[in-house]
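If you want the building blocks of each chain, they are given just below.
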Amino acid sequence: MEHKALRVIISGGGTGGHIFPAVSIAGKLKELNPDTEILFVGAEGKMEMEKVPAAGYKIIGLPITGLQRQLTVKNIINDLSVPFRVLYSIRKAKKVIKEFKPQIAIGVGGYASAPLLMAATKMGIPSLIQEQNGFAGLTNKKLGDKVQSICVAYEGMERFFPKDKIVMTGNPIRSVFVPCTPEMKEAGVKEYGLDPGKRHIFIVGGSLGSAKFNACMKDWISKGCPGSEGTDVLWQCGKYYKSSIDAFMESELAKNPDLAKTIKYSDFIGKMELAYAAADVVISRSGASSVSELCAAHKAVVFVPSPNVAEDHQTHNAMALVNKGAALIVKDADAMEKMIPTALNLLDDSQKIKELEDNAGKMALPDAALKIAEEVYKLI
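Note that the structure is predicted; figures quoted are calculated from it, not measured.

Enquirer: Can you lay out the overall build of the protein chain for me, pointing to particular residues and giving the numbers?
Expert: A count of helical and extended segments in the protein chain gives 15 helices and 13 strands. For 380 residues, the compact-globule estimate of 2.2 N^0.38 gives 21 Å, and the C-alpha radius of gyration of the protein chain, at 22 Å, lies within 12% of that figure. Per-residue burial for the protein chain yields a buried fraction of 51% across its 380 residues. Approximately 17600 Å² of the protein chain is accessible, and the part contributed by carbon and sulfur atoms is 55%.

Given below as structure tokens:
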């Protein structure tokens, strides 16, 4: 297929889970033709307004805001303003489209993409949406009938979208996430100061850390790390929680200096691919990007879906793997009793680990950004 220069508008955001795929798709389109012009449209005050320019792209903000589910005075005032913000955002989106003259509009989900895609489809511009989760988000569900193509990462998405528009592409992830090799494992063990003679668990609660995962770890450590013989734990606690974890670990290490040999903790993990490679078992939330990365790395995972997400989509993401024998799941409500024991039991079952790794690998969909970019060219 010839990759001529295009004019592309990409919209969506609100969270890193939406922003990274958007930037990844943009990067692939620029790779196919460096003369392609790309404009991003996001929500004013949200993280895309910072992250997208940092990746080297221009972005315009719309005054759109999402509905808040909790009943507070501030949230009620916000929710009453939503219809007006939507109308104003659609009007602004139309103006942006008239000025930029895109050949295609791409939506990656999140309320930020709704006004732009609604305006683009009304104006007859070919449009494509990308749904990262196993349970479609509200914005994408509303746009499904209006767009020409819907790129998905999970099977069974015809319950949300017209079947003839669905294209199975997977979620764009960084190219560093590949099936883990013994060499990568060795490099990961060295990078994070783990004992090469021990087994390793990696606990990661998303880029910001997880209060629940940290509470589970503190509880387990204060009980003397039962079941940890011959095991190292690499624990990503998150920047927000770092000072309280430092204080906790200081008092625990005073009681038991040997703890430093078992627990390696950090607020941030820079080389995630090496942390995955070092681990025999990973404990993780089940956001769309994390699931895709872990499948690409062929890892045995215990998923603990976050309950604080719209439509409980993390549970749907995890269950897509659990149903194929590619992961284990522990409910967030059961995490204190079951999260660490489940991972430790799995460590003792090398056959089960191998089975989970093989099945996760079968669910990996590499080259997602390229597949989406090719779909863009097909539509144009």
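Once you've had a look at it, read on.
Enquirer: Before we move on, can you summarise the packing of aromatic side chains with the specific residues and values?
Expert: Enumeration according to the criterion identifies seven aromatic pairs in this entry. Summarising the aromatic geometry, the rings of Phe177 and Tyr276 are spaced 5.7 Å apart at their centres and angled 45° between planes, so their arrangement reads as tilted. Separated by 99 residues along the polypeptide, Phe177 in the loop between β7 (166-168) and α6 (182-191) and Tyr276 in helix α10 (residues 272-278) bring together distant segments of the chain. Each member of the pair, Phe177 together with Tyr276, is buried.

Enquirer: Give a detailed account of the nonpolar core, specifying residues and quantitative values.
Expert: Counting 58 residues, the largest nonpolar core has Ile9 and Phe202 as its most contacted members. Excluding residues that lie within four positions of it along the chain, Phe202 makes contacts with Leu234, Gln236, Ile269, Met272, Ala275, Tyr276, Ala279, Val281, Val282 and Ile283. Core analysis: the second largest hydrophobic core is formed by 31 residues, Phe213, Cys216, Ile263 and Ala335 among them.

Enquirer: Give a description of a positive patch on the surface that names residues and reports values.
Expert: The grouping of Lys94, Lys98, Lys122, Lys142 and Lys146 at the surface amounts to a positive patch. By secondary structure assignment, the location of Lys98 is in helix α3 (residues 73-100).

Enquirer: A description of the sheet that holds strand β12 (residues 301-303) should follow, citing residues and the corresponding values.
Expert: In spatial order, the strands read β10-β9-β8-β11-β12-β13; together these six strands make up an open sheet with parallel pairing. Each edge of the sheet is formed by a strand with only one pairing partner; in this case those strands are β10 (263-266) and β13 (328-329). Two elements, strand β8 (residues 199-204) and strand β9 (residues 231-236), share six bridges in a ladder whose sense is parallel. Bridged to His200 within β9 is Asp232.

Enquirer: For unusual backbone geometry, give the residues involved together with the corresponding values.
Expert: Even without being glycine, Cys225 reaches a positive phi, approximately 50°. When you line up the elements, Cys225 lands in the loop between α7 (211-222) and β9. Positive phi, close to 60°, is recorded for His298, a residue that is not glycine. Take His298: it is sitting in the loop between α11 (288-296) and β12. Assessed through its relative accessible area of 28%, His298 is described here as partly exposed.

How each quantity is defined
- Residues numbered from 1 in each chain as written.
- Predicted model: local features only at pLDDT ≥ 70, side-chain atom pairs only at ≥ 80, totals over all residues.
- Heavy atoms only, no water.
- Helix = DSSP H or I, 4+ residues; strand = E, 2+ residues; numbered from the N terminus.
- Rg over C-alpha atoms; globule rule 2.2 N^0.38 Å.
- Buried < 20%, exposed > 50% of the residue type's maximum accessible area, 1.4 Å probe, protein only.
- Areas by Shrake-Rupley, 256 points an atom, 1.4 Å probe, with all protein chains shown as cover.
- Phe/Tyr/Trp six-rings, centres within 6.5 Å; stacked < 30°, edge-to-face > 60°.
- Core = buried A, V, L, I, M, F, W, Y, C linked by side-chain atoms within 4.5 Å.
- Contact = heavy atoms within 4.5 Å.
- Patch = residues over 30% accessible without salt bridge, like charges linked within 9 Å, V, L, I, M, F, W, Y side chains within 5 Å.
- Salt bridge = Lys/Arg side-chain N within 4 Å of Asp/Glu carboxyl O.
- Lys, Arg positive; Asp, Glu negative; His and termini not counted.
- Charge placed at Lys NZ, Arg CZ, Asp CG, Glu CD.
- Pairing = 2+ DSSP bridges.

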